[in-house]
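Residue-level listing of the chains:
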Amino acid sequence: MKIHAISTGEVQITQSWQVGRGEGIQRLVNTLLDHYVTEWLPIFCFVIEHPEGLIVVDTGSPSNANAPIYFPPWMRLVQRAVRFRIEPEQEIGPQMLSRGLSPQDVRWVVLTHLHQDHDGGIYHFPKAEFIVSSNEWQAASGLKGRMGGYLNQRWPQWFSPTLIDFTDDGVTGFSGRHLLTVSGDVFFVSTPGHSAGHMSVLVDEADHVVMLAGDSAYAQALLLDGSVDGIGPDPTLQKETKQRILQFAAEHPTVFLPTHEWDSARRLDVRECIGRIPGYQESSIFHTGIPLFSSKTALN
Ligand SMILES: [Zn+2]
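Below, the structure is looked at part by part.

Conventions we followed
- Numbering of residues starts from 1 in every chain and runs along the sequence as written.
- pLDDT decides what is reported in this predicted model: residues at 70 or higher carry local features, side-chain atom pairs at 80 or more are listed and counted, and totals for whole chains, interfaces and linings draw on all residues regardless.
- Side-chain descriptors were evaluated using all non-hydrogen atoms of the structure, hydrogens and water having been removed beforehand.
- Numbering of helices and strands runs from the N terminus, with a helix taken as a DSSP run of H or I at least four residues long and a strand as a DSSP run of E at least two residues long.
- Based on C-alpha atoms, the radius of gyration is set beside the globule rule, defined as 2.2 Å times the residue count to the power 0.38.
- Any residue under 20% of the maximum accessible area for its type is buried, any over 50% is exposed, and the rest in between are partly exposed; the area is computed with a 1.4 Å probe on protein chains only.
- Two residues form a contact once any of their heavy atoms are found within 4.5 Å.
- Here the Shrake-Rupley method, with its probe set to 1.4 Å, supplies the accessible areas, and only the displayed protein chains count as covering residues.
- The charged-residue count follows a simple rule in which Lys and Arg add positive charge and Asp and Glu add negative charge, with His and chain termini not counted at all.
- Charge coordinates come from a single atom per side chain, which is NZ of Lys, CZ of Arg, CG of Asp or CD of Glu.
- Atoms of type N, O and S within 2.8 Å of a metal are treated as its donors, and for Na, K and Ca the window is 3.2 Å; water is not considered, so some sites may appear to be missing partners.
- Paired rings are identified among Phe, Tyr and Trp, the last through its six-membered ring, by centres lying within 6.5 Å, and are further divided according to the angle between planes into stacked (under 30 degrees), edge-to-face (over 60) and tilted (the rest).
- Patches here: salt-bridge-free residues with over 30% relative accessible area, like charges joined within 9 Å, nonpolar side chains (Val, Leu, Ile, Met, Phe, Trp, Tyr) joined within 5 Å.
- Note on definitions: salt bridges are taken to be side-chain nitrogens of Lys or Arg within 4 Å of carboxyl oxygens of Asp or Glu.
- At least two bridges found by DSSP between two strands is the condition for calling them paired.
- Lines are fitted to the C-alpha atoms to define the axes, a helix being fitted only along its stretch in contact, and any angle between axes, read from their N-to-C directions, falls within 0 to 180 degrees.

A tally of regular secondary structure across the protein chain gives ten helices and twelve strands. Its C-alpha radius of gyration of 18 Å places the protein chain within 12% of the 19 Å reference for a compact globule of 300 residues. The C-alpha extent of the protein chain, read off along each of the three principal axes, is 55 × 45 × 35 Å. Across the 300 residues of the protein chain, 56% fall into the buried class. Contacts in the protein chain between residues far apart in sequence, at least 24 positions, make up 67% of those at least 6 positions apart. For the protein chain, the computed accessible surface area is about 12600 Å², with 53% contributed by carbon and sulfur atoms. Distance between charge centroids for the protein chain: 5 Å, based on 22 positive and 33 negative side chains.

Here it is, written out as structure tokens:
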């Protein structure tokens with residue numbers, strides 16, 4: 001099994017979007033009107049070469065994301081607060097081809113959530129089975145989703161993902177877990193807060209877990225400091241999710257890989273776990289070599 005971190009262009013957001021300021025509606029106002037922006041941040045997609053098939057986690061943005069008509073008229077303030085730097089050849093499809101991986105061969109595409117910088121490359125994978133959480137689908141679909149900032153009018157006509165509901169199995173400490181592979185080594189956990197039905201993808205590599213964390217935190221440091229972003233609909237839930245991730249990482253060595261952090265690629269390369277951060281308590285099961293989970297139930 002091999003995991004690729006593929007940078008599919010860059011995004012810049014306001015600083016108050018990256019780290020929320022204020023409460024309630026003021027937090028959203030600060031996010032949209034802040035004059036200060038972050039450095040250019042990556043938009044990582046992950047590709048897992050798994051014995052059961054090729055798995056893609058998130059699909060990035062299209063290269064026309066800066067076009068004036070890309071966002072609908074009622075999202076002008078959002079458009080002001082976010083900028084993209086994406087060349088056509090940086091999209092996930094061409095990048096996979098340049099690595100000798102064909103988008104046509106992808107079995108599953110897992111979308112951590114349906115924000116446009118994660119679902120903007122759906123059209124590269126017409127033959128894959130897409131997987132989205134039910135809660136995210138409900139929040140993102142229809143007129144309600146559109147008014148809530150989801151660009152569902154840009155989904156291809158054929159886009160009809162498999163929806164999953166999380167049930168608490170009492171194993172991970174998250175509010176739910178769902179296995180993808182029959183071997184049980186790739187599974188999802190529910191990590192809501194940044195969006196209504198956000199989920200993360202976990203890859204069990206025996207003595208540690210690789211967590212493809214989407215936007216559950218914009219960076220590992222922002223996971224550790226307990227801050228919330230400026231855009232998520234439920235800051236309380238976002239904080240709870242971050243606590244759950246830290247609790248999980250304290251019990252199971254975890255390589256934490258957000259979508260929008262450059263250091264994700266390096267941490268994946270060297271499999272640097274959260275538990276290896278100086279001052280953070282290491283797990284007692286570190287390097288035991290015992291698989292964390294043994295359940296054999298598959299999604300399909
Ligand atoms: Zn997002």
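Right, let's get into the coordination of the zinc ion. Coordination of the zinc ion by the protein involves His113 (NE2), His115 (ND1), His194 (NE2) and Asp215 (OD), with metal-donor separations of 2.1 to 2.3 Å. On the primary sequence, the residues serving as donors to the zinc ion are separated as H-x1-H-x78-H-x20-D. With histidine 113 in the loop between β5 (106-110) and α5 (116-119) and histidine 194 in the loop between β9 (186-190) and β10 (199-204), this pair connects stretches of sequence that are 81 residues apart. Histidine 113 sits in the buried class, given a relative accessible area of 0%. Among the residues examined, histidine 194 registers a relative accessible area of 2% and is labelled buried.

To continue, consider the packing of aromatic side chains. The full count for this structure, using the stated rule, is nine aromatic pairs. Judged by centre distance (5.5 Å) and plane angle (50°), the ring pair of phenylalanine 174 and phenylalanine 248 falls under tilted. With phenylalanine 174 in the loop between β7 (162-164) and β8 (177-179) and phenylalanine 248 in helix α9 (residues 235-251), the pair connects residues that are 74 residues apart, well separated along the chain. The same class applies to phenylalanine 174 as to phenylalanine 248, namely buried. By the ring-pair criterion, three or more aromatic residues cluster together here, those being Phe130, Trp137, Trp155, Trp158 and Phe159.

Quick look at a nonpolar patch on the surface now. On the surface, Ile25, Leu28, Val29, Leu33 and Leu77 cluster together into a nonpolar patch covering about 430 Å² of accessible area. Counting residues per element, the nonpolar patch draws most heavily on helix α2 (residues 24-33), which supplies four residues. Along the chain, leucine 77 falls in helix α3 (residues 76-81). The class of leucine 77 is partly exposed, set by a relative accessible area of 44%.

Right, let's get into the pattern of salt bridges. Per the counting criterion, the structure on display carries seven salt bridges. Residue arginine 266 is joined to glutamate 272 by a salt bridge in which the shortest nitrogen-to-oxygen separation is 3.2 Å. By relative accessible area, glutamate 272 is classed as partly exposed at 23%. A network of salt bridges, in which partner residues are shared, links Glu261, Asp263, Arg266, Arg267 and Glu272.

It is worth spelling out the side chain of serine 134 at this point. Within the secondary structure, serine 134 is located in helix α6 (residues 134-140). Under the relative-accessibility criterion, serine 134 is labelled buried at 9%. Excluding anything up to four places from it in sequence, serine 134 contacts Leu163, Ile164 and Asp165.

Our next topic: the sheet that holds strand β4 (residues 82-85). Working definition: the strands of a sheet are paired by backbone hydrogen bonds and lie parallel or antiparallel to each other. Strand order in the open sheet formed by seven strands is β4-β1-β2-β3-β5-β6-β7, and the pairing between neighbours is mixed. Of all strands in the sheet, those bounded by a partner on one side alone are β4 and β7. Adjacent strand axes in the sheet meet at a mean angle of 25°, parallel and antiparallel pairs treated alike. With three bridges joining them, β5 and strand β6 (residues 129-133) adopt parallel strand pairing. Within β6, the position partnered with valine 109 by the bridge is phenylalanine 130. The strands touched by helix α10 (residues 263-270) are β1 (2-13) and β2 (41-50); relative to β1, the strand with the most contacts, the crossing angle is about 165°.

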